[in-house]
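# Topology and contacts: notes
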Amino acid sequence: MHVRKYLTLSIATATLAACQTVPDKPTATAASPAPVVSVSQDERINAWFDRKFEEQLAFSPIEQTFIGRKTDYGKIDDFSDEALNRQLAWLRGAVKEMRSSFDYDTLSPEAKTSYDMWLYDLEQSESALLFRINRYALHQHNGLQSFFPTFLINTHKVETEADMIGFIQRLSGVATALDQLLARAKRNAGAGTRPPRFAYEGVIDQSTKIISGAPFDDGPDSAIWAATKSKLKKLVDEGEITAARAATMRTNAREALVGSFAPAYQRVIAWYNADMPNTDAEAKGAGALPNGMDYYNYRLRNQTTTDLTAEEIHNIGLSEVARLRADMEAIKTKVGFKGELKAFFKFIREDDQFYFSDDDAGADQYIATAKGHIDALKPKLPKYFGILPKADLEVRRVEAFRERDGAAQHYRSGTPDGSRPGIYYAHLSDMRAMPIPTLEVIAYHEGLPGHHMQISIAQELEGIPKFRTQAGYTAYSEGWGLYSEYLAKEMGGYENPYSEFGRLTSEIWRAIRLVVDTGLHAKGWSEQRAIAYFLENSSIPEAAVRSEVRRYLVNPGQATSYKIGMIKILELRARAKTELGEKFDMRAFHDTVLGGGALPLGILEKRVDQWIAGVKAS
């Protein structure tokens, strides 16, 4: 899962979510004839896109930091409804200006794609306006309450005294943002939108951990305080500031933490505790919310970038689960296991040989093994890709204050200039929720050739407007992540049959999501029914299953995007192989898929079709 793109759905600026209009040609890597266009018109609109990207970026100091800028380095985004309204008004104005300034018919296909994306951005933002009360302001799954300290600790780089001043200012800015989010939570609760009780409990637990320890109490240093002192020490060690100046800044940081940061978290904790009796002990899906089914249908369109209905997605999931169970039966037979598949699931789920020790040593071993699989695959990349990422990749354990038993591993992208690496994070507080058979496949999904590959290439692209290098379409990015798991097998991964079973476990996991997500939100399934279906069809530990189901409950539709995206990429590859025969080139196919940045599935399909036509004509 790519957490940054998930989080920016909640952060100030509107997200490009889906675009149904398709371009007329593939990327520069595709072999198609050059269109006859007005170059000056393309240059003019691309310059306009870049200016508007800068204007839009100004709404989000957090996004500026994510892409390596130090502008607005002391600010946190404005999470108020007024800010959202200003951004929507800006986008309406930008689209009106675009329509009046450029003749669509004179643009190149690539420029038309960019134009269409802006139109759809507005359409998505207008649609989202109808469902503001349906979104949960804070919840347990990578919620903003845990995002803020993670962002300050890991993403806000401190290299100068000015950077540290900005860091301290942001400590106070977090308090303002939390108050705005709390106001949204109260408003939505008043309208009948409350996340399930477990989400309240998660917000309280995470917020409590964030403000536990020094300087908030007499315990060991909290994570945010340890990071503050570490950043100051680095400045002193590098001669950027004196020890005396560091002492003053440490005092200022402590005042911000104790005087603003902690009280805001305490207000969150207090309200969520007070409102807890109003929540349902039994979790309900989006369909139970006010206007809930319309909201869920919107989320499915937004996340899959298709018009598939909940019923269609549910049935695709049932079909895929049946197919993958047959493949799992073959692995069971291969390793000589005697018994039914359900018994084999139990064996994988419970036998000690499939787990590292449940302690820090086991967690370290997990991280080292994941790194080893990624490093072994890396030399094989040039055989399958012409475009390769420049950015480095790190594998880390999640910080203690936001680590949750069985929670999904995830990726946070680096900066376009490579100054901050991409990071693959693993939740390792419960090693019995992290089986060894699925370790390898997750490393490929989050790292190489998965999220790190796709997102880094997109950020490093040249020749297209900047906004497209940062665009995020869940079906595309998560579809690629799941496709990369399959591709890794072709590249020589999963030599151990249990690791191959782990790959199948990961794929059936995503197929199960189609069934469970639609079941929870459109068919009235209970949390327990969803968990039971999951356990019946996979070897995933129950702690991980419970965490997964609760993730779907607070983020409707997102989990359906993985399998829908993968199915489309595999469908396009099969089409290309059939039509091109001996002319099919895997490197060129992958470069066509990755070479234009993240795209809605309809645009991706047209892009690949144009590449196929170009190769045929060559």
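Residues numbered from 1 in each chain as written. Predicted model: local features only at pLDDT ≥ 70, side-chain atom pairs only at ≥ 80, totals over all residues. Heavy atoms only, no water.

## Some thoughts on the overall build of the protein chain
What counts is decided by this rule: We count a stretch as a helix when DSSP gives it H or I for four or more residues in a row; a strand needs E for two or more, and each element gets its number in order from the N terminus. The quantity called the radius of gyration is restricted to C-alpha atoms. Its globule counterpart is 2.2 Å times the number of residues to the power 0.38. Accessibility here uses a 1.4 Å probe with only protein chains present; expressed as a share of the type maximum, an area under 20% marks a residue as buried, one over 50% as exposed, and anything in between as partly exposed. Here a residue-residue contact requires only that any non-hydrogen atoms of the pair lie within 4.5 Å. Computed with a 1.4 Å probe, the accessible areas rest on the Shrake-Rupley method; for each residue, only the protein chains presented here act as cover. Asp and Glu are treated as the negative residues and Lys and Arg as the positive ones, with His and the ends of the chain left uncounted. Throughout, a charge is located at the NZ atom of Lys, the CZ atom of Arg, the CG atom of Asp or the CD atom of Glu.
A count of helical and extended segments in the protein chain gives 24 helices and 3 strands. Over its C-alpha trace the protein chain gives a radius of gyration of 24 Å, about what one expects of a compact globule, namely 25 Å for 618 residues. Here the protein chain holds 618 residues, and the buried ones make up 60% of them. Here the analysis covers contacts within the protein chain between residues at least 6 apart in sequence; of these, 80% occur between residues at least 24 apart. When the accessible area of the protein chain is evaluated, it comes to approximately 22600 Å², of which 51% is carbon and sulfur surface. Looking at the protein chain, you have 76 positive and 81 negative side-chain charges, and the mean spots of the two groups are 1 Å apart.

## Topic: the pattern of salt bridges
To be explicit about the condition: The working definition used for a salt bridge is a side-chain nitrogen of Lys or Arg within 4 Å of a carboxyl oxygen of Asp or Glu.
The final tally for this structure, using the stated rule, is 52 salt bridges. One salt bridge in this structure joins K568 and E605, with 3.1 Å as the shortest N-O distance. Within this pair, whereas K568 is found in helix α22 (residues 561–580), its partner E605 is found in helix α24 (residues 601–617), the two being separated by 37 residues in sequence. Residue K568 is classed as buried on the basis of its relative accessible area, which comes to 15%. We classify E605 as partly exposed; its relative accessible area is 22%. Each of E320, R323, D327, K489, E500, R503, E507 and K563 takes part in a single network of salt bridges with overlapping partners.

## Examining helix α11 (residues 292–304)
Spacing of three or four residues puts side chains on the same side of an α-helix, whose turn is 3.6 residues. For clarity, the threshold we go by: In this scheme, a helix's expected span is set at 1.5 Å multiplied by one less than its residue total.
End to end, α11 covers 18 Å across 13 residues, agreeing with the expected 18 Å (1.5 Å per residue, within 8%). Where the residues of α11 are buried, they touch α5 (109–129), α12 (310–334), α18 (474–490), α19 (497–522), α22 and α24. Following α11 by one or two positions, T305 has its phi on the positive side, about 55 degrees.

## Brief notes about a negative patch on the surface
The cut-off we apply is this: Excluding any residue in a salt bridge, patches collect residues exceeding 30% relative accessible area, merging like charges within 9 Å and nonpolar Val, Leu, Ile, Met, Phe, Trp and Tyr side chains within 5 Å.
On the surface, a cluster of negative charge is made up of D358, D359, D364 and D405. Along the chain, D359 turns up in the loop between α13 (341–350) and α14 (360–377). For D359, a relative accessible area of 39% translates into the label partly exposed.

## Some details on the packing of helix α23 (residues 586–594) against α24
So the rule is basically this: Between N-to-C directions, angles span 0 to 180 degrees; the directions come from axes that are lines fitted to C-alpha atoms, helices contributing only their stretch in contact. Crossing handedness is read from the near helix: turned anticlockwise from the far helix by less than a right angle, it gives a left-handed crossing, and turned clockwise, a right-handed one.
Taken N-terminus to C-terminus, the directions of α23 and α24 make an angle of 145 degrees; their axes are 9 Å apart at the nearest point. In this structure, α23 crosses over α24, and the sense of that crossing is right-handed. Contacts between α23 and α24 pair A588, F589, T592 and V593 from the former with L604, R607, V608 and W611 from the latter.

## Some details on the environment of E462
Its place among the elements puts E462 in the loop between α16 (451–460) and α17 (466–469). Owing to a relative accessible area of 72%, E462 belongs among the exposed residues under this scheme. Along the chain, E462 and G596 lie 134 residues apart, while their C-alpha atoms are 9.4 Å from each other.

## Concerning the packing of aromatic side chains
In this description, an aromatic ring pair is defined by two values, namely the gap between the centres and the angle between the planes. Test applied: Any two of the Phe, Tyr and Trp rings considered here, Trp counted by its six-membered ring, make a pair once their centres fall within 6.5 Å; the pair's planes then place it as stacked at under 30 degrees, edge-to-face at over 60, or tilted in between. As a reminder, the over-ring test applies to NZ of lysine and CZ of arginine, requiring each to be within 6 Å of the ring centre and within 35 degrees of the ring normal.
Within this structure, the stated rule accounts for 38 aromatic pairs. Taking 6.1 Å as the distance between ring centres and 45 degrees as the angle between the ring planes, the aromatic pair formed by F584 and F589 counts as tilted. This pair shows no difference in class: F584 is buried, exactly as F589 is. Among the aromatic residues, those joined into a cluster by ring pairs are W48, F49, F59, W90, F102, W118 and F467. R432 extends its terminal NZ or CZ atom over the ring of Y355, reaching a point 4.1 Å from the ring centre. Between the NZ or CZ atom of R513 and the centre of the ring of Y562, over which it lies, the distance is 4.4 Å.

## Observations concerning the sheet that holds strand β1 (residues 393–397)
Each strand in a sheet pairs with another by means of backbone hydrogen bonds, the pair being arranged parallel or else antiparallel. Worth spelling out the cut-off: Pairing between two strands is assigned when DSSP locates at least 2 bridges connecting them.
With mixed pairing, the 3 strands of this open sheet are ordered in space as β1-β3-β2. Edge positions in the sheet fall to β1 and β2 (410–412), since each of these pairs with one other strand and no more. Put simply, the sheet's adjacent strands are angled 25 degrees from each other on average, direction ignored. In terms of strand pairing, β2 meets strand β3 (residues 422–426) through 3 bridges, oriented antiparallel. Its bridge partner being in β3, R412 is matched across the sheet by I423. Of the strands in this sheet, β1 and β3 touch α14, which is tilted by about 160 degrees from β1.

## Some thoughts on the environment of S80
For clarity, the threshold we go by: What qualifies as a polar contact is a pair of N or O atoms within 3.5 Å, subject to a donor-acceptor requirement within protein and to the restriction that residues adjacent in sequence count only when both atoms come from side chains.
You can see S80 is positioned in the loop between α3 (61–66) and α4 (81–101). Considered as a pair, S80 and D179 are 99 residues apart in the sequence and their alpha carbons are 9.2 Å apart. One polar contact links the side chain of S80 to the main-chain amide nitrogen of A83, over a distance of 3.1 Å.

## Looking at the side chain of E548
Structurally, E548 is set in helix α21 (residues 542–554). Of the residues examined, E548 reaches a relative accessible area of 2% and is grouped as buried. In this structure E548 touches A408, W509, R513 and F534, once residues within four positions along its chain are discounted.

## Details of unusual backbone geometry
Glycine aside, residues mostly have negative phi, and peptide bonds are mostly found in the trans state. Residue A214 is joined to P215 through a cis peptide bond whose omega torsion reads 5 degrees. Position of P215 among the secondary structure elements: in the loop between α8 (197–210) and α9 (223–237). The omega angle of the peptide bond from L448 to P449 is 5 degrees, so this bond is cis rather than trans. Checked against the element boundaries, P449 lands in the loop between α15 (439–446) and α16. Even without glycine at this site, N142 takes up a positive phi of about 50 degrees. With respect to the secondary-structure elements, N142 resides in the loop between α5 and α6 (144–154).

## Looking at helix α7 (residues 161–190)
Rules: Bend, in this description, refers to the angle at a residue between axes fitted to the seven residues ending there and the seven starting there.
With 30 residues, α7 ought to run about 44 Å at 1.5 Å a step, and its terminal C-alpha atoms sit 44 Å apart, in line with that. Along its length, α7 shows its largest kink, about 25 degrees, at S172. With its phi angle positive at about 95 degrees, G192 sits one or two positions after the end of α7.

## What about the confidence of the model for the protein chain?
The test is simple: As a per-residue quantity, pLDDT reports the predictor's confidence and falls between 0 and 100.
When pLDDT is averaged along the protein chain, the result is 92, and 94% of the positions lie at 70 or above. Predicted confidence for residues 8–35 stays below pLDDT 50, and this span has 100 contacts to residues more than four positions away or in other chains.

## A word on the pairing of β3
Most of β3 is tucked away, with 5 of its 5 residues classed as buried. Judged by which residues are buried, β3 turns out to be covered on both faces: G422, Y424 and A426 on one side and I423 and Y425 on the other are all buried. By the bridge criterion, 5 bridges tie β1 to β3 in an arrangement that is parallel. Of the residues in β3, the one forming a bridge with R397 is A426.

## Regarding the environment of I45
With respect to the helices and strands, I45 occurs in helix α2 (residues 39–57). Classification of I45 by relative accessible area gives buried; the value is 0%. In sequence terms I45 and E282 are 237 residues apart; their C-alpha atoms lie 52 Å from each other. Every residue in contact with I45, bar those within four places of it in the chain, is listed here: F102, L107, A111 and Y115.

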